[in-house]
Structure formats: C-alpha cells, structure tokens
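One-letter residues, chain by chain:
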Amino acid sequence: MSKIIPILFIFVLCSCTTEQLKTNDISSLTSATTASTARQHFILNRGAPDIPDIADEQDLLPRITRYLKQGIASWYGPRFHGRKTASGEIYDMYAMTAAHKTLPLSSYARVTNLKNQRSVIVRINDRGPFYGNRVLDLSYAAAKKLDIEQAGSAKVEIKAIAPEQALAQLQKTAQKQEKSVYLQVGTFGKKKKALILQNKIAAHHLPQPEILPSTHKGSTLYRVQMGPINSSASAHKLNAQLAKLGITKTQFVTETDQNQISMIQ
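Let me begin by describing the structure that accompanies this report. Remember, it's a predicted structure, so these values are computed and weren't measured experimentally.

### Looking at the sheet that holds strand E9 (residues 219–226)
- Spatial strand order, E8-E9-E7-E10: four strands in an open sheet with antiparallel pairing. Sheet topology places strand E8 (210–216) and strand E10 (251–254) at the edges, where each strand pairs with a single neighbour. This sheet shows a mean twist of 45° between the axes of neighbouring strands, independent of strand direction.
- Bridge count for strand E7 (residues 181–188) against E10 is four bridges, and the pairing is antiparallel. Looking across to E10, one finds that Tyr182 is bridged to Val253.
- Sheet strands touched by helix H6 (residues 191–203): E7, E8 and E9. Its angle to E7, the strand with the most contacts, is close to 130°.

### Quick notes on a positive patch on the surface
- A surface patch of like charges, here positive, comprises Lys84, Lys190, Lys192, Lys193 and Lys249.
- The residue Lys192 is located in helix H6 in this model.

### Considering the pairing of strand E5 (residues 134–138)
- Counting buried positions along E5 gives four out of five residues, so the element sits mostly inside the fold.
- In the sheet, strand E1 (residues 68–75) pairs with E5 via four bridges, with the strands oriented parallel. Considered in E5, the bridge of Ser74 is made with Asp137.
- Bridge count for strand E2 (residues 97–99) against E5 is two bridges, and the pairing is antiparallel. For Ala98, the partnering residue across the bridge sits in E5 and is Leu138.

### A short note on the environment of Gly152
- In this structure, Gly152 sits in the loop between helix H4 (140–145) and strand E6 (153–161).
- Overall, the relative accessible area of 25% leaves Gly152 in the partly exposed class.
- Residues within four places of Gly152 in sequence aside, it is in contact with Ala73, Ser74 and Trp75.

What counts, and where the lines are drawn
The residue numbering used here restarts from 1 in each chain and proceeds along that chain's sequence as written. Residues qualify for local features only when their pLDDT is at least 70, as the model is predicted, and side-chain atom pairs are given and counted only at 80 or more; totals for whole chains, interfaces and linings, by contrast, use all residues. Only hydrogens and water are removed before side-chain values are computed, so all heavy atoms of the structure are retained for them. In this scheme, strands are said to pair when DSSP sees at least two bridges between them. Each helix corresponds to a stretch of at least 4 residues labelled H or I by DSSP, and each strand to a stretch of at least 2 residues labelled E; elements are numbered beginning at the N terminus. Where helices are involved, their axes are fitted lines through C-alpha atoms of the stretch in contact, as for all axes, and angles between N-to-C directions lie from 0 to 180°. Whether two residues are in contact is decided by their heavy atoms: any pair within 4.5 Å suffices. Note that patches include only residues with greater than 30% relative accessible area and no salt bridge, and the join distances are 9 Å for like charges and 5 Å for nonpolar side chains (Val, Leu, Ile, Met, Phe, Trp, Tyr). Note that accessible areas follow from Shrake-Rupley with a 1.4 Å probe, and for residues the cover is restricted to the protein chains shown. Whenever Lys or Arg places a side-chain nitrogen within 4 Å of a carboxyl oxygen from Asp or Glu, that contact is recorded as a salt bridge. Charge counting follows a simple rule: Lys and Arg are positive, Asp and Glu are negative, and His as well as the terminal groups are ignored. Throughout, a charge is located at the NZ atom of Lys, the CZ atom of Arg, the CG atom of Asp or the CD atom of Glu. Whether a residue is buried, partly exposed or exposed follows from its accessible area with a 1.4 Å probe, protein chains only, as a fraction of its type maximum: under 20%, in between, or over 50%, in that order.

Below is the structure:
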C-alpha cells in the first residue's frame, strides 16, 4: 500500500501540469509573438475565442451594427501587397479594406477621419493592428481617401454597418462620381486562377465576370468583378447564387479607373 501512494501522487501531479498547459491564456503567446514582429496580418489570432465568426450572420448582425468606437487608425501597404490576409484573401493595397481585431471578417464599417470629417466604407478582411493603442489598419487606398497616408495615422470613428447599408452608401458616392458599384468575387496573384474562377461562374449560366489587372512594382493582381449592381435585391440574389458555388468572400467595390491606379502607385 505504501508503494501505491507515491505512484498515485506522481499521477496527480502530472495531471495538474497537463491541465495548466491546456488552460494557459493564449493572449500572452500572441503578445510575445507580435512584440517580436513588426506586422503579421496573416498569422493573426485565427480561431481565437474573442473573434466572432460570421457563420451565423443573422444572430451577429444586430450586435455588430451597434459597434461604434473612436481611436487611432494607421495603414499598411506595399510590404503586404499580394500576401494573404487573415480571411485567406489576397491583400490589395488599392482595395477599400481594413484590418480589425474583433469585427467579423467580411463585415463592413464606415470610417471617418475626425480631423477633416472625410468618410469611407471599408470591408474587414484582415486582423490587426497589433502595435500600440491603434484600433484599425486601413489599406493604402482607404488611408489616401481619408487623407492620412502622409501622416501615417489619425484619430477616426469606426461604425459597423450592414452590407445593405454599405451598398447604399457606395452607390450614392458612385453616382456623384458617375461611376457604378460592382461585386468583387476574388483577387489573385496569378491570372490563371482568375480565369478559372471566371470560367466557373460563367459555366453556371451566370453573367461572365470581368478580370481587371493592376500592377505595383512589377507585381500584378487580378481582380474578378461582376456587375454593375443596381439594387440590394439583385446583390442578395447574386450572392446567394455564388454561395451555391462555394464563392462567399465577395465585396462591393466602386468602379475602378485603371488610370487612377497607375497615378497613385
């Protein structure tokens, strides 16, 4: 009996140690990782419990649209152009996107520069920023429209909005500029992948998407877009049809003038 007790004691100690490792707070590991790296937008807390998933959009949407926060926004660009974001999409510094720590991937937000009251609509497709007290990392294009690309950062207001609201506001802005709003269904670093998606959609008797290339320092990204989108109902119908094909990472974009892209590179 005296031999059994020490063995039981060792077993209990091992069990306690294992439990400690399982329940260890992963935030400390994340902090250590981000402290040693300037930016890692593509390794960012994927699956962490404090980041909501958009799988149950109907339940999340009312809570998400109540999100309103002010804080410091920065931007990220050339170094990450063409790399994967936390959503799995290719980061395009000329697209209207942003990185946020907790807003669901593929959700929309209106961002306002509190200094000049300029506003833009962005889609959250990445995680971050993980530097100082910053609350948002904008794409280069979004930062430029807010007039903060030179300063590098600015105080902003972030208001989460529903996709229908995002579409309505983008259409209003596009109309003033005599442009249209399209549904972007993919961005690729290789034209072959863009063509595969284009053919896949066309093969299912849907309008054939257009492939729009944009080049930055010798690297070309290929955007696959459909449209123009004239109403929320048509957008919902098209998204439902694309979802049946497994295409769910779509976003509303304003018609892009390729000459303007060349000018701001």
